[in-house]
Structures are given as structure tokens and as C-alpha cells.
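Geometric and topological summary
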Amino acid sequence: MIIPTGNNFGCDAIEIKDYQSEKVVVLNSKITFDPKNEAYRNASVLEIYVPDLMLDKSSNSSCFIRSEQTMWPGQSYETTYGVGTVLTT
């Protein structure tokens, strides 16, 4: 388990499940943030600061992100939409 030392988008405490070896690092976490938060709105790139990882050097990789948004909460026609994309990290 990795506990980040901070972030630049105003998110509360984050816990990241991890698997690390000399050749690969796999990170998995659920992060909840408020898109109305001023720090989030001012961040052009979302950054999470973590302690040292086992890799000697890093390279570009991919990341899957999934999000849900509930539209019309409390109404009889309330609907939750799920969206996802792949990012560069």
C-alpha cells in the first residue's frame, strides 16, 4: 500500500494498492474529487506525489480511468452514467 504525500488538485487522503518489481509497477486506486474545487479547476495536469518507487527510471505508459455521474438526483428519472477513457501517464 502506498500513501501519497500530496496532490495538486485538492483531493483528501489517497491510498494506492501497488505491486512492484524491478521491471514493472502496477498501481490501483479509487480517487474521489470535487470538480468545483478551486485547486482542481486550476490544475492543467493532475499530479499525485508518491514516495520512491522500485523502478530505476520511468517512461510513458497508459492509465485507465473510469467515472460515474448521477444526473437528476432524487427524481424518478435519476440516471447514473459511467464513462471511461485511456490516459497517458
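Reading guide: rules and limits
Residues numbered from 1 in each chain as written. Predicted model: local features only at pLDDT ≥ 70, side-chain atom pairs only at ≥ 80, totals over all residues. Heavy atoms only, no water. Helix = DSSP H or I, 4+ residues; strand = E, 2+ residues; numbered from the N terminus. Rg over C-alpha atoms; globule rule 2.2 N^0.38 Å. Buried < 20%, exposed > 50% of the residue type's maximum accessible area, 1.4 Å probe, protein only. Contact = heavy atoms within 4.5 Å. Phe/Tyr/Trp six-rings, centres within 6.5 Å; stacked < 30°, edge-to-face > 60°. Patch = residues over 30% accessible without salt bridge, like charges linked within 9 Å, V, L, I, M, F, W, Y side chains within 5 Å. Areas by Shrake-Rupley, 256 points an atom, 1.4 Å probe, with all protein chains shown as cover. Salt bridge = Lys/Arg side-chain N within 4 Å of Asp/Glu carboxyl O. 1 Å grid on protein atoms, 1.4 Å probe; cavity = no way out; pocket = protein on both sides within 12 Å on 5 of 7 lines; lining within 4 Å. Points joined across faces, edges and corners; volume = space filled by probe spheres on them. Nonpolar A, V, L, I, M, F, W, Y, C, P; charged D, E, K, R; others polar. Core = buried A, V, L, I, M, F, W, Y, C linked by side-chain atoms within 4.5 Å.

1. A look at the overall build of the chain
Along its length, the chain carries one helix and six strands. Traced from its N-terminal end to its C-terminal end, the chain shows the element sequence β-β-β-α-β-β-β. Taking 2.2 N^0.38 as the reference for a compact globule, 89 residues should give roughly 12 Å; the C-alpha atoms of the chain span a radius of gyration of 16 Å, well beyond that estimate. Expressed as lengths along the three principal axes of its C-alpha atoms, the size of the chain is roughly 55 × 25 × 25 Å. A burial count over the chain gives 10% of its 89 residues as buried. In the chain, the share of contacts with a sequence separation of at least 24, taken over all contacts with a separation of at least 6, comes to 46%.

2. Let's talk about the packing of aromatic side chains
Within this structure, the stated rule accounts for three aromatic pairs. Ring plane angle 75 degrees and centroid distance 5.9 Å describe the contact between Phe9 and Phe33, whose orientation is recorded as edge-to-face. Here the residue Phe9 occupies a position in the loop between strand S1 (6-7) and strand S2 (17-20), and Phe33 occupies one in the loop between strand S3 (25-28) and helix H1 (38-42), the gap between them amounting to 24 residues. What makes Phe9 buried here is its relative accessible area of 3%. An aromatic cluster is built from Phe9, Phe33 and Tyr40, whose rings are joined through pairwise contacts.

3. Brief notes about a nonpolar patch on the surface
Taken together, the side chains of Leu27, Ile31, Phe33, Leu46, Ile48, Val50 and Leu53 make up a nonpolar region of the molecular surface, amounting to roughly 500 Å² of accessible area. Inspection of the secondary structure puts Leu46 in the loop between H1 and strand S4 (48-49).

4. A few points about the layout of surface pockets
Estimates place the volume of the largest pocket at around 1900 Å³. In terms of lining, the largest pocket is formed by 40 residues, of which the most central are Ile31, Ile48, Cys63, Phe64 and Leu87. Listed by contribution, the elements that provide at least two residues to the lining of the largest pocket are S3, strand S5 (62-71) and strand S6 (79-88). In terms of residue count, S5 provides more of the lining of the largest pocket than any other element does, eight residues in total. Looking at the lining of the largest pocket, its residues break down into 21 nonpolar, 13 polar and six charged.

5. Concerning the nonpolar core
By size, the foremost hydrophobic cluster in this structure holds five residues: Ile2, Phe9, Cys11, Ile14 and Ile16. Residues contacting Phe9, with those up to four places away along its chain left out, are Ile31, Phe33, Asn37, Ala39, Tyr40, Leu46, Glu47 and Ile48.

6. Focus on the pattern of salt bridges
With the rule as written, the count across this model stands at one salt bridge. The shortest N-O distance in the salt bridge between Arg66 and Glu68 comes to 3.1 Å. Across the pair, Glu68 and Arg66 agree in class, each one exposed.

Interpretation note: all reported values are geometric properties and have no functional meaning in isolation.
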